[in-house]
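# Residue-level structure breakdown
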Amino acid sequence: MQNEFNPEEILEIACNLERNGAEFYRRAAELVSSPEAEKMLNTLAAMEDEHEGFFESVRSDPSTLVGLFGEPERELSSFLKAITDNNVFPKEIDPLGQLHEDITVKEVIELALDAEKSAIEFYKSLREVTPSRSDEGKLDRIIQEELDHVRILKDQLRAKDS
């Protein structure tokens, strides 16, 4: 059986994705012993907050909502298919639930990388059903920032390994 999401539900998913990411980074920052890693994680949390703010602003303005997705009754099954085909939200991955007192910076980074890659796939899928070029550009900016998060995390991982 195939579920369908309406635009407001999709934006709620995006807000939750960003909110959960920020929460993950803040909690991880509390647990790591490295001041450098703590700073990086808090910076990433703030960036996730900005992304959530964007999606919240879209949710609160019906004209922006129509601009992002087209008419509300637009078929979004391709979006749902992209999510399920790419396993963007695998049930077995709960990065926040995997944080613990003895977690290493490397383990935090590996969890964060998985979550960031899932977010990127989600936003790429969302972009595919976005008819508005200006809003597609906003999604491209968020995708690029999520890719920057991956780069920051990989740089930190390489620094830990050397």
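Please read all numbers here as calculations on a predicted model, not as lab measurements.

## Observations regarding the environment of Glu8
Of note, Glu8 is situated in helix α1 (residues 7-31). Between the C-alpha atoms of Glu8 and Phe55, which are 47 residues apart in sequence, the distance is 10.0 Å.

## Some remarks on helix α2 (residues 35-60)
Under the 1.5 Å per step criterion, the end-to-end length of α2 is 37 Å for 26 residues, consistent within 8% with the ideal 38 Å. Within the span of α2, buried status applies to Ala37, Met40, Leu41, Leu44, Ala45, Met47, Glu48, His51, Glu52, Phe54, Phe55 and Val58.

## Points about a negative patch on the surface
Together, Glu107, Glu110, Asp114 and Asp161 give the surface a local cluster of negative charge. With three residues, the top contributor of residues to the negative patch is helix α5 (residues 105-128). Locating Asp114 in the fold gives a position in helix α5. Since its relative accessible area comes to 40%, Asp114 is described here as partly exposed.

## Examining the side chain of His51
Here His51 is to be found in helix α2. Discounting chain neighbours no more than four positions away, the residues touching His51 are Glu18, Ile142, Glu145, Glu146 and His149.

## Describing the nonpolar core
Tyr25, Leu41, Phe55, Val108, Tyr123 and Leu153 are the most contacted members of the largest nonpolar core, which has 40 residues in total. Listed by contribution, the elements that provide at least two residues to this core are α1, α2, α5 and α6 (133-161). Dropping the residues within four chain positions of it, Tyr123 is found in contact with Ala14, Leu17, Glu18, Phe55, Ile142, Ile143 and Glu146.

## Quick look at the packing of α2 against α5
Packing of α2 against α5 leaves a shortest axis separation of 13 Å and a crossing angle of 20 degrees. Accordingly, the angle class assigned to the pair α2 and α5 is roughly parallel. Like other packed secondary-structure pairs, α2 and α5 cross with a definite hand, here left-handed. Along the contact surface, α2 presents Ala37, Met40, Leu41, Glu48 and Phe55, while α5 presents Val105, Val108, Ile109, Glu116, Tyr123 and Leu126. Here the contact of α2 with α5 is composed, by residue class, of nine nonpolar, no polar and two charged.

Definitions and limits used
Once a new chain begins, its residue numbering starts again from 1 and follows that chain's sequence as written. Totals for whole chains, interfaces and linings use every residue, but because this is a predicted model, local features are given only for residues with pLDDT of at least 70 and side-chain atom pairs only at 80 or more, for both listing and counting. Excluded from the side-chain calculation are hydrogens and water; included are all heavy atoms of the structure. Elements are defined by DSSP. Helices are runs of H or I of four residues or more, strands are runs of E of two residues or more, and each kind is numbered from the N terminus. For a helix, the expected span equals 1.5 Å multiplied by the residue count minus one. Using a 1.4 Å probe on the protein chains alone, a residue whose accessible area is under 20% of its type maximum counts as buried, one over 50% counts as exposed, and one in between counts as partly exposed. Any residue with relative accessible area above 30% and no salt bridge may belong to a patch, with like charges joined within 9 Å and the nonpolar Val, Leu, Ile, Met, Phe, Trp and Tyr side chains within 5 Å. Note on areas: these come from Shrake-Rupley sampling with a 1.4 Å probe, and a residue is covered only by the protein chains present in the view. Only one rule defines a salt bridge in this text: a Lys or Arg side-chain nitrogen within 4 Å of an Asp or Glu carboxyl oxygen. The sign given to each residue is positive for Lys and Arg and negative for Asp and Glu; His and the chain ends receive no count. Charged groups are reduced to one reference atom each: NZ for lysine, CZ for arginine, CG for aspartic acid, CD for glutamic acid. Here, two residues are considered to be in contact whenever any of their heavy atoms come within 4.5 Å of each other. Throughout, nonpolar core names a set of buried Ala, Val, Leu, Ile, Met, Phe, Trp, Tyr and Cys residues whose side chains join them through atoms within 4.5 Å. To define axes, lines are fitted to C-alpha atoms, for helices over the stretch in contact only, and angles between the resulting N-to-C directions are given on a 0 to 180 degree scale. Each angle gets one of four labels, with under 35 degrees taken as roughly parallel, over 145 as roughly antiparallel, 65 to 115 as roughly perpendicular, and the rest as oblique. Should the near helix be turned anticlockwise from the far one by less than a right angle, the crossing is left-handed, and should it be turned clockwise, the crossing is right-handed. The classification used treats Ala, Val, Leu, Ile, Met, Phe, Trp, Tyr, Cys and Pro as nonpolar, Asp, Glu, Lys and Arg as charged, and all other residues, Gly among them, as polar.

None of this, on its own, says anything about what the molecule does.
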